[in-house]
Amino acid sequence: MDIDVLYRSANALARVRLDPAEELRVEGGAMVAMSGLTIETRASGGIFRSLKRIVGGESFFLNLYKAGREGGELYLAPAMPGDMRVLTLDHSDVLVQSGAFVAGGSGVEIDTTWSGARRFFAGHSLIMLRARGTGDLLVSSYGALHELELGPGETYTVDTGHLVTMSASLAFSIKRVGGLRSTVLSGEGLVVELTGPGRATLQSRSEQAFLGWLIPQLPDNDDRP
């Protein structure tokens, strides 16, 4: 598999070349164009059905793309404007914001049953998936991507709406912070406190913050002609 990210960083488009018989799991709606591939749509078992209940109906169906005897090519893009990045796992794992997942190779397992997931679920503003195994993982951001590297014992406080990925080695705790702009989903300011060693990837924009600005600008029913 070979993945190139084009048109970075505001309007990223990923070009994926698959070897013969190679497979790729892709988030529903991310496909832009394809050639030489077959496609099968499937729900990803109980893991994603449980997520659907939590987020109130968001689709977590994955499309399985499989290359023919001569290989194939696929173009992918996220729903929001921003960047994309390829993470290469080698018998390792990383935590990924659910909305940032775009695609993963057949050797990468996506899991939400790990015990730490419930601590993120409790806030209802951030759902983290655990990706582990060996292979390529394609993630997206709303806005530009920025990487933080934390040394042993170093701490960083991150708004939950800006967290994209984090190393499984990072310790974390979810906290309320009074005075921060409220998030749309939870109605309260939530942050995650990270403690190193490990890396975290942040996005420069927040969907919740954008919606918090946009929704009050929309006309009420009484104001519409």
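Summary of the structure given here. These figures come from a predicted structure and were not determined experimentally.

Criteria and cut-off values
Residues numbered from 1 in each chain as written. Predicted model: local features only at pLDDT ≥ 70, side-chain atom pairs only at ≥ 80, totals over all residues. Heavy atoms only, no water. Helix = DSSP H or I, 4+ residues; strand = E, 2+ residues; numbered from the N terminus. Contact = heavy atoms within 4.5 Å. Pairing = 2+ DSSP bridges. Axes fitted to C-alpha atoms, helices over the stretch in contact; angles between N-to-C directions.

1. So, the environment of glutamate 23
Step number 1: Structurally, the position occupied by glutamate 23 is in strand 3 (residues 23-27).
Step number 2: Along the primary structure glutamate 23 and glycine 104 are separated by 81 residues, whereas in three dimensions their C-alpha atoms are 9.1 Å apart.
Step number 3: Not counting chain neighbours up to four residues away, the residues in contact with glutamate 23 comprise Met1, Leu64, Tyr65, Lys66, Gly105 and Ser106.

2. Side note on the sheet that holds strand 4 (residues 31-35)
Step number 1: The strand order 1-2-7-4 describes an open sheet built from four strands, whose pairing is antiparallel. Of all strands in the sheet, those bounded by a partner on one side alone are strand 1 (2-6) and strand 4. The mean angle between the axes of side-by-side strands here comes to 15 degrees, regardless of whether they run parallel or antiparallel.
Step number 2: Direction of pairing for strand 2 (residues 13-18) relative to strand 7 (residues 72-76): antiparallel, over a ladder of five bridges. Each residue of the ladder has a partner; that of alanine 14, found in strand 7, is leucine 76.

Honestly, it's all geometry; don't read function into it.
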